[in-house]
Amino acid sequence: MEDKTMYFRQPRYFGDFKCIGGTCSNSCCIGWRIDWYKNEIDKITDDPRCSEELKELVSKSFAQIENSNIYPVILGAGKRCPFLTEDNFCKIQRELGAEYLSHTCSVYPRHHIIAGEAAYQYCNMSCPEVMNKLLNSEKSMDLVNVAIREHITIKGAAMNNENLLAEHPELKYRGELLEFFYEIIADKKHDVETSIILGALAAQSLSKIVDAKDYDSIPEAIKQIKPQFHNGAQLKSIKNIKPNYYVKLGAVGEILKSIFQVNIMSALTDKEGKPNIDLYIRGEKRLADTFKERQFYLRNIALNLLLEFVLPFKFIGKTIFENYSIFAAAFALFKLNVIATAELTDLAERKASNPKVNVIGGNLKIKVVAKYDTEKYINKSAALISRNICHNNENAKKLLEELHNRNFSTPAYLALLIR
């Protein structure tokens, strides 16, 4: 971390988050690729307190990537980490202490973005306990400053360096732009969908400034754009955008299928395989009813996604608008997945009680499960997007490619995905 960094900037929930270990409902030690470095492995086996049993387990539990210092853990049965005990605790931590975990294991789900004098801290929603904290309060996503009282080092943070700034001078304003987009999405004067559309318009304007290489006008441009968020005519035009259900069930559904390789949209199609708008509208109403007394749920999830996508610079070299498009589309995927998975469970239950009900399974195996409330699907869908797009750069790039290929790379088309 640069010495000039003076404070952490973080959502309120960040300070309350603690790993709950073996009691977690979705352990990050199961099903994840976990990378270690040679020095981290050696630290375990070189310690005189390390048992022979643990040394033997270490010797057969790591693969190596060719021409790399990275050693991925070889997962065992059920895709479990070999160091995970039957009661879902880590053998390494139990025997030697938490300081012997890899950087990945000790830090996840926490991440950092360094911008100017602040180090932004946030957690990935792929962790169930993060979701518990994030959805606990309307103020969970309020950004607060926490003083740094001593020099620390943060590894793996998104940050600028001299070479990067020379090639991309717009990164000089990483902090100002992040705060700007955060302010847009956090504005409770608008519903979250309107806020995301306003953000898309702002991202398009700022991209033009960067394209013109007028980098130092970014702070002034931000000042000029802000009053437009309360422009009555513009807000009216956004609110008058009518939902295009065929876009939602067609384009967004196909993108979901393309990225996640599963036909979740089978829950929202009729016997001929065509989109069933009535089913979708019913699902939307169910979602709205869930949020009736907790309007902050959607906004908190959108704000955390904004941080997870390191807006506006997840991919250096892509425009501000392109990076923003990934975020906006991911939010649309999240909402559609909540509706589709809830509807899928309902279909499976009706199929169980009445064999004549037709369920189009696609390539998705439908199991009869107990009925969950929509809130559970909110948590699952947020984790799905976080894990498979925010964590996975290839899928994030694929999402952007899908938007380009379908000519959805404008604020107007993003509005159709969101509304």
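Above this text is the structure in question.
Scoring rules and cut-offs
- Residues numbered from 1 in each chain as written.
- Predicted model: local features only at pLDDT ≥ 70, side-chain atom pairs only at ≥ 80, totals over all residues.
- Heavy atoms only, no water.
- Helix = DSSP H or I, 4+ residues; strand = E, 2+ residues; numbered from the N terminus.
- Buried < 20%, exposed > 50% of the residue type's maximum accessible area, 1.4 Å probe, protein only.
- Contact = heavy atoms within 4.5 Å.
- Areas by Shrake-Rupley, 256 points an atom, 1.4 Å probe, with all protein chains shown as cover.
- Axes fitted to C-alpha atoms, helices over the stretch in contact; angles between N-to-C directions.
- Parallel < 35°, antiparallel > 145°, perpendicular 65-115°, else oblique.
- Nonpolar A, V, L, I, M, F, W, Y, C, P; charged D, E, K, R; others polar.
- Expected span 1.5 Å × (residues − 1).
- Arc of directions from axis to C-beta.
- Polar contact = N/O pair within 3.5 Å; in protein donor to acceptor, adjacent residues only side chain to side chain.
- Phe/Tyr/Trp six-rings, centres within 6.5 Å; stacked < 30°, edge-to-face > 60°.
- Lys NZ or Arg CZ within 6 Å of the ring centre and 35° of its normal.
- Core = buried A, V, L, I, M, F, W, Y, C linked by side-chain atoms within 4.5 Å.

Enquirer: Sorry, what's going on with the overall build of the chain here?
Expert: Along the backbone of the chain there are 17 helices and six strands. Evaluated residue by residue, the chain yields a buried proportion of 51% over its 419 residues. Looking at the chain alone, contacts between residues at least 24 apart form 76% of all its contacts between residues at least 6 apart. In the structure as shown, the chain presents an accessible area of about 20,700 Å², 49% of it carried by carbon and sulfur atoms.

Enquirer: Looking at this structure, how should I read the packing of helix 11 (residues 245-260) against helix 12 (residues 277-291)?
Expert: Helix-helix packing is described using two parameters, namely the angle between the two axes and the distance between the axes. Relative orientation of the contacting elements helix 11 and helix 12 amounts to 95°, with a least axis distance of 10 Å. By the criterion of interaxial angle, the relationship of helix 11 to helix 12 is roughly perpendicular. Residues Y245, Y246, K248 and L249 of helix 11 pack against I277, Y280, I281 and E284 of helix 12. Tallied by class, the residues present in the contact of helix 11 with helix 12 amount to six nonpolar, no polar and two charged.

Enquirer: Looking at this model, I keep getting lost on unusual backbone geometry. Mind explaining?
Expert: Only a minority of non-glycine residues have a phi that is not negative, and only a minority of peptide bonds are not trans. The linkage connecting Y108 with the following residue, P109, adopts the cis geometry, with an omega of 5°. Summarising the element assignment, P109 is placed in the loop between helix 4 (103-107) and strand 4 (110-115). Omega for the bond connecting L311 with P312 falls within 30 degrees of zero, at 0°, which places this linkage in the cis form. Checked against the element boundaries, P312 lands in the loop between helix 13 (296-308) and helix 14 (320-353). We note that N407 has phi near 60°; this positive angle belongs to a residue other than glycine. Examined against the element boundaries, N407 turns out to sit in the loop between helix 16 (393-405) and helix 17 (411-418). What makes N407 exposed here is its relative accessible area of 56%.

Enquirer: Is there a simple way to think about helix 16 in this case?
Expert: Residues that lie three or four places apart on an α-helix share one face, since the helix turns once every 3.6 residues. Taking 1.5 Å of rise per residue, 13 residues should cover 18 Å, and helix 16 covers 18 Å from first to last C-alpha, within 8% of that figure. Turning to helix 16, its buried residues are N395, A396, L399, L400, E402 and L403. Looking straight down helix 16, one finds its buried side chains confined to an arc of 155°; they lie on one side. Across helix 16 from its buried face, at more than 90 degrees, point the exposed residues E394 and N405. Structurally, the start of helix 16 carries an N-cap: the backbone nitrogen of E394 is 3.0 Å from a side-chain oxygen of N392. Positive phi appears at N407, one or two residues downstream of helix 16, with a value of about 60°.

Enquirer: Please clarify how the packing of aromatic side chains should be interpreted in this entry.
Expert: By convention here, two paired aromatic rings are described through the distance between centres and the angle between planes. Applying the stated rule across the entire model yields eleven aromatic pairs. Where F180 meets F181, the ring centres are 5.4 Å apart and the plane angle is 55°; that geometry is what we call tilted. Here F180 and F181 have matching classes, each one buried. Each ring, one from F181 and one from Y324, has its centre 5.4 Å from the other, and the planes form 35°; the classification is tilted. Of this pair, F181 sits in helix 7 (residues 174-186) while Y324 sits in helix 14, placing them 143 residues apart in sequence. Among the aromatic residues, those joined into a ring-pair cluster are F180, F181, F229, Y324 and F327. Over the face of the ring belonging to Y100 we find K43, whose NZ or CZ atom lies 4.9 Å from the ring centre. Across the ring face of F315, the terminal group of K314 is positioned such that the distance to the ring centre comes to 5.5 Å.

Enquirer: When you look at the nonpolar core in this model, what are you seeing that I'm missing?
Expert: The tendency in soluble globular proteins is for nonpolar side chains to be buried side by side. Within the largest apolar cluster, 128 residues are counted, with the highest numbers of intra-cluster contacts made by F181, I185, I196, L206 and Y324. For this core, the element with the most residues is helix 14, which contributes 17 residues. Discounting residues that sit within four places of it in the chain, I185 has contacts with V192, S195, I196, R299, A302, L303, L306, Y324 and F327. F8, A119, I148 and I154 belong to the second largest nonpolar core, which has six residues in total.

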